[in-house]
Amino acid sequence: RLGYTFKGWYTNEALTNAFNLTNMPANNITLYAKWEINSFKVVFRTNIGIVIEDRIYDFNEFIESLPVLEEYGNTFLGWYLPNGEKFEVTTNNSYRITSDIVLNARWQKASFTISFESNGGTDVEDITKEFNALVNEPVNPTKENYNFAGWFMDKEFTQNYYFSRMSGENITLYAKWVRVTGIN
């Protein structure tokens, strides 16, 4: 029986009296087969250290949902079979289990953008890079009668920004200006 394991013959429909054939009985009897549904395992490999417990499904049972993962600085692309085929379960497309399967999470480094508000100075082009990529400081903007005093993470100029690596979020930096003294 597809999807089941044969567990023996029984002399009653309730499958409580096992039949042991030692000698041929002297009368006609009806025997009943006992079947146990097979269970299958779905293994999740996240490839980033997040642990998801294996799920056990009975034969022909539907997988109705899969875990959705989040990882700072990465974009989760979905679950893939070992052959590289994307494994999707949607409300219109449930998947019936008929064997053990392994699903591998696929990731893409997320890209983020640093935007610049030059506060009246020359424009500075946005920088877009993958998470944790090296970021070089752009050429300083200019503003007539002012000296550029640095990039800040807030409009109040209380938190300096130091260029090193792309953070895991989009940010806007604000140019601080100091008026050149002695100019009318």
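For the structure, see preceding data.
What counts, and where the lines are drawn
- Residues numbered from 1 in each chain as written.
- Predicted model: local features only at pLDDT ≥ 70, side-chain atom pairs only at ≥ 80, totals over all residues.
- Heavy atoms only, no water.
- Core = buried A, V, L, I, M, F, W, Y, C linked by side-chain atoms within 4.5 Å.
- Buried < 20%, exposed > 50% of the residue type's maximum accessible area, 1.4 Å probe, protein only.
- Helix = DSSP H or I, 4+ residues; strand = E, 2+ residues; numbered from the N terminus.
- Contact = heavy atoms within 4.5 Å.
- Pairing = 2+ DSSP bridges.
- Axes fitted to C-alpha atoms, helices over the stretch in contact; angles between N-to-C directions.
- Phe/Tyr/Trp six-rings, centres within 6.5 Å; stacked < 30°, edge-to-face > 60°.
- Patch = residues over 30% accessible without salt bridge, like charges linked within 9 Å, V, L, I, M, F, W, Y side chains within 5 Å.
- Areas by Shrake-Rupley, 256 points an atom, 1.4 Å probe, with all protein chains shown as cover.
- Salt bridge = Lys/Arg side-chain N within 4 Å of Asp/Glu carboxyl O.

A. How the structure looks around the nonpolar core. Counting residues in each nonpolar core, the largest one holds 19 residues, and the members touching the most others are V42, I63, L66, W79, F87 and L103. Residue assignment for this core shows that the elements contributing at least two residues are β3 (39–45), β6 (74–80) and β9 (101–109). At four residues, β9 tops the list of elements feeding residues into this core. Ignoring sequence-local partners within four residues, the contact set of F87 consists of I63, L66, W79, Y80, L81, Y95, I101 and L103. Among the nonpolar cores identified, the runner-up in size contains 16 residues, and F112, I127, L173 and W177 belong to it.

B. Spotlight on the sheet that holds strand β11 (residues 127–130). Judged by pairing direction, the sheet is mixed, and its four strands sit side by side in the order β11-β10-β13-β12 without closing on themselves. The sheet is open, and its two borders are formed by β11 and β12 (146–152), each paired with just one other strand. Recorded for the sheet is a direction-independent mean angle of 25 degrees between the axes of neighbouring strands. Here β12 runs beside strand β13 (residues 171–179); their pairing, made up of five bridges, is antiparallel. Following the sheet pairing, F152 is matched in β13 by Y174.

C. The arrangement of the packing of aromatic side chains in detail. If you walk through the whole model with that rule in mind, you get 13 aromatic pairs. Both rings, one in Y72 and one in F131, keep their centres 5.3 Å apart while their planes meet at 85 degrees; by these two values the pair is edge-to-face. You can see Y72 sitting in the loop between β5 (62–63) and β6 and its partner F131 sitting in the loop between β11 and β12, a full 59 residues away along the chain. Seen from their ring centres, F76 and W79 are 5.6 Å apart, and the 70 degrees between their planes marks the pair as edge-to-face. Taking relative accessible area as the criterion, F76 reaches 19% and is therefore assigned buried. One aromatic cluster is present, formed by F116, F148, W151, Y161, F163 and W177 through successive ring pairs.

D. How the structure looks around the side chain of S118. With respect to the element layout, S118 can be found in the loop between β10 (111–117) and β11. For S118, the contacting residues outside a window of four places in its chain are D123, P141, W151, A175 and W177.

E. Spatial organisation of a nonpolar patch on the surface. Taken together, the side chains of F6, W9 and W35 present a nonpolar region at the surface, about 300 Å² in accessible area. Its location among the elements puts F6 in strand β1 (residues 4–10). For F6, a relative accessible area of 39% puts it in the partly exposed group.

The quantities given are spatial measurements derived from coordinates; they are silent on function.
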